[in-house]
Amino acid sequence: PSKAIMGHTSHWIRRLNDISPDQFCLIHHETAKGLGIKDGDMVKVSSAYGTTIAKSVLTGDIRRDTVFIPYSYGEKAPFTSYKSANYLTDLKAICPISGQIAFNGVMVNIERA
C-alpha cells in the first residue's frame, strides 16, 4: 500500500522519500477498470487548470467518482520529481480565512500515461 507523507519538504529527506517515492493517485478499482487502468499504471490526471502524472493505486476505500492525490510531491524535490497536485487546482480559488487552496471539487480526467 502507498503511504502519504504530507508536506512538500518530506521529499527533500532521502529516508522519507524512500518510504513513498512515487506520487500516487487513489482510484476506485471499478472506475479504473472502466478506464482500462491497472494497479501500478502511470496515469495522466488533467483538469481545466493543468496536468500531472501519478502512479495508480486501486482501492475499494474511495468513492467511485473521486480520486485522491497527496499534495506533498513537487518538481523541485531532489530524489523524485513530480508536478504537484497544485497544477490541477484553480490557484485563485483560495479560502479567505485560511488561505488554503481549494483542492476538493476539482473535476479531472484520468487516462493511462
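Draft legend 1. Just the overall build of the protein chain, in detail. From N to C terminus, the protein chain includes two helices and five strands. Secondary structure elements of the protein chain occur, N-terminal to C-terminal, as α-β-α-β-β-β-β. Oriented by its inertia axes, the alpha-carbon framework of the protein chain measures out at about 35 × 35 × 25 Å. Within the protein chain, buried positions represent 34% of all 113 residues. Relative to all contacts within the protein chain whose residues are 6 or more apart in sequence, the contacts with residues 24 or more apart total 65%. Surface summary for the protein chain: the accessible area is close to 7,100 Å², and the carbon and sulfur share equals 54%.

Draft legend 2. The arrangement of the packing of aromatic side chains in detail. Under the definition given, this model contains one aromatic pair. We note K83 situated over the ring of Y87; from NZ or CZ to the ring centre the distance is 4.7 Å.

Draft legend 3. Geometry of the sheet that holds strand β4 (residues 67-68). Within the open sheet, the five strands sit side by side as β4-β1-β3-β2-β5. Their pairing is mixed. Here the strands that pair on one side only, and so sit at the sheet edges, are β4 and β5 (109-112). Pairing geometry for strand β2 (residues 42-46) and β5, over four bridges, is antiparallel. Paired with S46 across the two strands is N109, which belongs to β5.

Draft legend 4. Spotlight on the environment of D22. Positionally, D22 belongs in the loop between α1 (14-19) and β1 (24-28). C-alpha of D22 to C-alpha of S56: the two residues are 34 residues apart in sequence and 9.8 Å apart in space. Beyond its immediate chain neighbours, meaning those up to four positions away, D22 contacts K55, Y73 and Y82.

Draft legend 5. Summary view of the nonpolar core. Judged by nonpolar contacts, C25, I27, A32, I37, V43, V45, A54, I69, A85, L88 and I110 together constitute the single largest core of eleven residues. Secondary structure elements with two or more residues in this core: β1 and β2. Those residues in contact with A85, other than ones at most four positions away along the chain, are Q23, I69, P70 and Y71.

Calculation notes
Residues numbered from 1 in each chain as written. Predicted model: local features only at pLDDT ≥ 70, side-chain atom pairs only at ≥ 80, totals over all residues. Heavy atoms only, no water. Helix = DSSP H or I, 4+ residues; strand = E, 2+ residues; numbered from the N terminus. Buried < 20%, exposed > 50% of the residue type's maximum accessible area, 1.4 Å probe, protein only. Contact = heavy atoms within 4.5 Å. Areas by Shrake-Rupley, 256 points an atom, 1.4 Å probe, with all protein chains shown as cover. Phe/Tyr/Trp six-rings, centres within 6.5 Å; stacked < 30°, edge-to-face > 60°. Lys NZ or Arg CZ within 6 Å of the ring centre and 35° of its normal. Pairing = 2+ DSSP bridges. Core = buried A, V, L, I, M, F, W, Y, C linked by side-chain atoms within 4.5 Å.

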